[in-house]
Amino acid sequence: MSGKRAIVSFFLLLFIISALLLTNSRVKHYRDNIPAENQRAEALMVSPTLLKVISGEFKGLWADYILLKASIFLGGYYESTPEDWDAIYLMFKQSLTLDPYFFQTCYYIQGLLSWREGMHEKAIELLKYPAQYRYWDWEPKFYIGFDYFYFLHDNLKGAHYMAEAAKLPDAPPIVATLGARLAQREGKTETAIGMLKLMYDRASDEKHKKLLEDRINAHIGILTLERAISAYKQTHGEIPDSLDTLIHKGLLKQMPENPFGDTYLYDAETGRVFFDEIR
Amino acid sequence: MDRVWLISLVTLKEGIRNRALQGILIIALFSCVAYLTIIPMFAFDTGKVAVDLGFASMTLAGLAIVIFLGIGLLTQDIHQRSVCMILSRPVSRTQYVLGKFLGLSGIVLVAVLIIALIGVLSGWAGITFISEMTLPRNFTWHILGVGVLFNFLSLMIVMSIAFLFTVLTTNAYLSMLFTFGVYIIGQSLETIVKVVTAGDFARVGALYAWMLNVLTWIVPNLRAFDLKVHISYGLPLSVPYTLWTAAYGIFYIGIIIFLTAMVFRYQEIK
Amino acid sequence: MTSLITLSNVEKSYKDGFRRKKIIHDLSLDVLEGEVFGFIGPNGAGKSTVINLIMGFIKPEAGSVRINGSTPYDPKARQDIGYLPEDPRFYNNLSARELLLFGAHASGVDRDTAKKSVEPVLSRLDLLHVVGERVNTYSKGMKQRMGLAMAMVHDPQIYILDEPMSGLDPIGRNLLKKITLDLKEKGKTVFFSTHILNDVEVLCDRIGVLNKGRLLFCGDIGEFSSAESPFEEAFVEMIKDANEGVKRDG
């Protein structure tokens, strides 16, 4: 190559590389700062069954990839829209149809979808896949039992799934106990604490553990208040008109802390205690 | 530049008349229309389904053209020596590379436009005759046009990479394999990096995260050119983002073609 | 007379596994303006390699190649060359007309001249009847003649033809001989490789004999053969002696 041509080529190369680095950095900047409302969960709008057919021998890989796409939303799900949740539900369904043995999907469903208002039944519907296919694993059945009890207040179905989970090898003994409690329909708050503690021990990531820890502490607070209310009723023959009454009457030294708000909410007509308005 | 246009025209003619292209287009056209039969099965907003499937047809057909037809034509030229017909003339190797790339781009552009047109027509037919089918939210022709253009740009990036690999390897299948690999990585790398660096549900070592970051500067970010979500949900598309992304695509193609010309200049044609 | 094609001490090797195998050994030859130069040798002698070196498709490891005083890697050097490869390959979906127009334009011929030259060239090569048909419908002989048409369409000064008779029937070969003699009469320079010796005797002014990458002879055809030693015999003898010499030298 002649000298002149070599120099021209060198500067042309330098220019293109510089332009490429600049444009790539700007594109990265824009894409890293996409507003939350623009980060849509993207589900390929194909029926899971069709997806299973066309993915051939790459079902597992595709299941992994779909789950990966859904998991982007685990960081900022408070800002998502109902359409996103429909799409996330579809992605979980696709992933499970492709690979119903995949525990990661089951774990994400329980950690993410179950807690979402309006998605409880859908989460249960999805969890039934791994519950069926992972015949050796007590956890999917345990999750279903918890969801029936905690979100849908269906103790009968909750007890059934807890019992099924308890039969499996390696199931912690507490699973059987929890199932029995559900069957008795008593000690709901203690049952909830027991289940939440079990899930906390099984959780593998910090964000999920923090969520569960807050719930456990909230329920412990409720249990404390419920016991104090019960003691007040025994003494006075009726439930107190407010939670502060329990402190005035010396049944509580101080109000337990509510991780979800300033104080616990109390229904003076029924005597029930809540940690947030959605319950 | 005359000779560049000459080569690009001859390449375009050769490609357009190729039966493989015609076959790919027929399948794409069929799939563009076939989705109308499955729209009623979907409960979700059908406009989005139409966009997804229409663009899927365009991308799949485009990829088939790039990987099978494009690499096929290049292999015929470089490995089977029909390039001698051109290089025995007063045509430089750089002119050949540029002309060939432009010609191949022309083939893909024609295919993309045909499929886009059929997609629009079948979409109109769907909205007119199928009650379940609706337009995507906040639909505009402008955003559809930009979406089609970006789809074309991303195919051009893949084509340029296919060209480089064809010149570097001695085997058409190797070239196809590597090109497809880069396509897959280019589509999924951004997602993987987001999950690894920004998500709370995965923890990876610093070295691995650094390597992934380096890779984002080398492998083309093909996700940036995917505007299906914007079209489907009527999301705003900023002008700066559009311009920067288009510029990124053009400069990426530029560097790959530059490298291809450099490699080809020193290559022996035996 | 000016030398239009000059090879000086050219050497070329190829990779053979982990080793390098020399294909062309210290080769020097000139092709003079206006002559027909026959480049002969047995199969595998390296004739096509030499032609690839002349055309700039490959580069020598040593020595130099010049065409009309320029290096073959400069596109301008190929302005005045008409090249026919050993196995011509085309864009099969194009017609003869489209290919020739492309060839002419790419060689710098203006549009009007190019349009006017297509049919006479095809007519000369007995391809006018398929001017509008795609090349993938042609027979091997027709493709060979099409290759020559591509070499001729822009009326170059230098013709470099690699095994031009390959794939031609006797009628085709006769046609090609006539064309070569016509070109000679017009003062064109023709360099062609072949292993068919009859053609060389009739057409060539000078010849080069290549065997296993070594130039055994370069000079007038009259110096090569004589009444006592006819052309073919002289050629076979030369090759035999060369091979025995190589065996002796190990």
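Residue positions are given per chain, counted from 1 along the sequence in the order it is written. Chain A is the first chain written and ligand 1 is the first ligand written, with later ones labelled in order. Note on the predicted model: pLDDT of at least 70 is required for a residue's local features to be given, and 80 or more for side-chain atom pairs to be given and counted; whole-chain, interface and lining totals, by contrast, use all residues.

(A) Summary view of the overall build of chain A. Under the scheme used here, helices are H or I runs from DSSP no shorter than 4 residues and strands are E runs no shorter than 2 residues, and both carry numbers assigned from the N terminus. Within chain A, the secondary structure is distributed over twelve helices and two strands. For chain A, the succession of helices and strands along the chain, N to C, is α-α-α-α-α-α-α-α-α-α-α-α-β-β. Put simply, a residue is buried when 20 or more other C-beta atoms lie within 10 Å of its own C-beta and exposed when 12 or fewer do; between those, it is partly exposed, and each C-beta is set from the backbone. Each of the 279 residues in chain A was classed as buried or not, and the buried ones make up 37%. Throughout, a pair of residues is in contact if the C-beta atoms placed from their backbones lie within 7 Å. Considering only intrachain contacts with a sequence separation of at least 6, the fraction spanning at least 24 residues in chain A is 53%.

(B) Spotlight on the overall build of chain B. Along chain B, the regular secondary structure elements total ten helices and zero strands. Shown N-terminal to C-terminal, the secondary structure of chain B runs as helices and strands in the order α-α-α-α-α-α-α-α-α-α. Residue burial in chain B is summarised as follows: out of 270 residues, 47% are buried. Put simply, of all contacts in chain B between residues at least 6 apart along the chain, 85% involve residues at least 24 apart.

(C) Seen up close, the arrangement of the chains. Of all two pairs of chains in contact, the one with the most contacts involves chains A and B. Considering only C-alpha positions, the minimal separation of the non-contacting chain A and chain C is 9 Å.

(D) Spotlight on the interface of chain B and chain C. Taken together, the contacts link 22 residues of chain B with 25 residues of chain C. When residues of the side of chain B that touches chain C are traced back to their parent elements, those giving at least two are helix H1 (2-16) and helix H4 (84-87) of chain B. The dominant element in the side of chain B that touches chain C, judged by the number of residues it contributes, is H1(B), at five residues. Each residue is assigned to one of three groups, with Ala, Val, Leu, Ile, Met, Phe, Trp, Tyr, Cys and Pro labelled nonpolar, Asp, Glu, Lys and Arg labelled charged, and all others, Gly among them, labelled polar. For the side of chain B that touches chain C, a count of residues per class yields nine nonpolar, five polar and eight charged.

(E) Spatial organisation of the domain arrangement of chain A. Residue and element names in this part refer to chain A. Domain start and stop points were drawn from an automatic or database domain assignment. By domain assignment, chain A separates into domain 1 (39-134), domain 2 (135-202) and domain 3 (208-279). A straight line from the C-alpha centre of domain 2 to that of domain 3 covers 24 Å. Each side of the interface is counted separately: domain 2 has eight residues, and domain 3 has ten residues. Looking at the side of domain 2 that touches domain 3 residue by residue, the classes come out as five nonpolar, one polar and two charged.

(F) Region of the structure containing the environment of C:Ile23. Residues and elements named next belong to chain C. Residue placement: Ile23 occurs in strand S2 (residues 19-32). Taking the C-alpha atoms as reference points, Ile23 and Gly44, separated by 21 residues in sequence, lie 9.4 Å from one another. For Ile23, the residues in contact, after removing those within four places along its chain, are Lys12, Ser13, Tyr14, Gly46, Thr49 and Gly213.

(G) Here's a closer look at the sheet that holds strand S1 (residues 3-16) of chain C. Residue and element names in this part refer to chain C. Strand pairing is assigned whenever DSSP identifies at least 2 bridges connecting the two strands. An order of S2-S1-S4 is seen for the three strands of this open sheet, with the pairing classed as antiparallel. What marks the edges here is a single partner per strand, and that holds for S2 and strand S4 (62-67). Direction aside, the axes of adjacent strands within the sheet are offset by 25° on average. Relative to S4, S1 runs antiparallel, the two sharing five bridges. When the sheet's bridge partners are listed, Leu7 is paired in S4 with Val65. Throughout, an axis means a line fitted to C-alpha atoms (over the contacting stretch in the case of helices), and angles, computed between N-to-C directions, take values from 0 to 180 degrees.

(H) Seen up close, the sheet that holds strand S5 (residues 81-84) of chain C. All names here are of chain C. Strand order in this open sheet of six strands is S5-S6-S7-S3-S8-S9, and the pairing throughout is mixed. Each edge of the sheet is formed by a strand with only one pairing partner; in this case those strands are S5 and strand S9 (214-220). Each adjacent strand pair in this sheet contributes to an overall mean axis angle of 10°, direction not counted. Sheet topology note: the strand S3 (residues 36-40)/strand S7 (residues 189-194) ladder contains five bridges and is parallel. Pairing of Phe37 across the sheet is with Phe191, part of S7. On the sheet, helix H1 (residues 47-55) packs against S3, S5, strand S6 (158-162), S7 and strand S8 (206-211) and is oriented at approximately 145° with respect to S6. In the packing of helix H4 (residues 140-152) onto the sheet, contacts are made with S5 and S6, and the angle to S5 comes to roughly 170°.

(I) Representation of the confidence of the model for chain B within the structure. For every residue, the pLDDT score states the predictor's confidence, bounded by 0 at the bottom and 100 at the top. Taken as a whole, chain B shows an average pLDDT of 85; of its residues, 89% reach a score of 70 or greater. For this predicted complex, the interface confidence comes out at an ipTM of 0.90, alongside a pTM of 0.77.

(J) A look at helix H10 (residues 239-265) of chain B. Under the convention used throughout, the expected extent of a helix is 1.5 Å for every residue step, that is, one less than its residue count. With 27 residues, H10(B) ought to run about 39 Å at 1.5 Å a step, and its terminal C-alpha atoms sit 38 Å apart, in line with that. Considered for burial, the residues of H10(B) that qualify are B:Trp244, B:Thr245, B:Tyr248, B:Gly249, B:Phe251, B:Tyr252, B:Ile253, B:Ile256, B:Ile257, B:Thr260, B:Ala261 and B:Phe264. Close packing links the buried residues of H10(B) with helix H1 (3-32) of chain A together with helix H5 (93-129) and helix H6 (141-168) of chain B.

(K) Here's a closer look at the pairing of S3(C). Counting buried residues along S3(C), five of its five residues qualify, which places the element largely inside the surrounding structure. Covered by surrounding structure in S3(C) are C:Val36, C:Gly38 and C:Ile40 together with C:Phe37 and C:Phe39, the residues of both alternating faces.

(L) Representation of the packing of H1(B) against helix H2 (residues 96-106) of chain C in the model. Relative orientation of the contacting elements H1(B) and H2(C) amounts to 165°, with a least axis distance of 10 Å. Comparing their axes, H2(C) and H1(B) come out roughly antiparallel. Considering how the two elements wind past one another, H1(B) and H2(C) form a crossing that is left-handed. Counted together, B:Arg3, B:Leu6, B:Val10 and B:Lys13 of H1(B) and C:Glu98, C:Phe102, C:His105 and C:Ala106 of H2(C) form the full contact between these two elements. A class-by-class count of the residues in the contact of H1(B) with H2(C) yields four nonpolar, one polar and three charged. Oblique is the label for every angle not falling under 35 degrees (roughly parallel), over 145 degrees (roughly antiparallel), or within 65 to 115 degrees (roughly perpendicular). Each crossing is labelled by how the near helix is turned from the far one, with a counterclockwise turn of less than a right angle marking it left-handed and a clockwise turn marking it right-handed.

(M) Spatial organisation of the pairing of S9(C). Residues and elements named next belong to chain C. Strand direction decides the pairing type here: S8 and S9, joined by six bridges, are antiparallel. Bridge pairing in S9 places Ile207 opposite Gly219. The turn linking S8 back onto S9 is made up of two residues, and Lys212 within it adopts a positive phi angle of 50°.

(N) Inspection of unusual backbone geometry at higher detail. In this structure, C:Asn9 takes a positive phi of about 50° despite not being glycine. In this fold, C:Asn9 is placed in strand S1.

(O) Helix H7 (residues 139-150) of chain A, seen in detail. Residues and elements named next belong to chain A. Over its twelve residues, H7 runs 16 Å from end to end, which matches the ideal 16 Å to within 8%, given 1.5 Å per residue. Among the twelve residues in H7, twelve count as buried, and that is most of the element. Within the span of H7, buried status applies to Glu139, Pro140, Lys141, Phe142, Tyr143, Ile144, Gly145, Phe146, Asp147, Tyr148, Phe149 and Tyr150.

(P) Quick look at the environment of B:Ser175. Residue and element names in this part refer to chain B. With respect to the secondary-structure elements, Ser175 resides in helix H7 (residues 172-197). Owing to 27 C-beta atoms within 10 Å, Ser175 belongs among the buried residues under this scheme. As a C-alpha pair, Ser175 and Thr191 span 16 residues in sequence and 25 Å in three-dimensional space. With near-sequence residues (within four places) excluded, Ser175 lies in contact with Ile71, Ala162, Phe165, Thr166 and Thr169.

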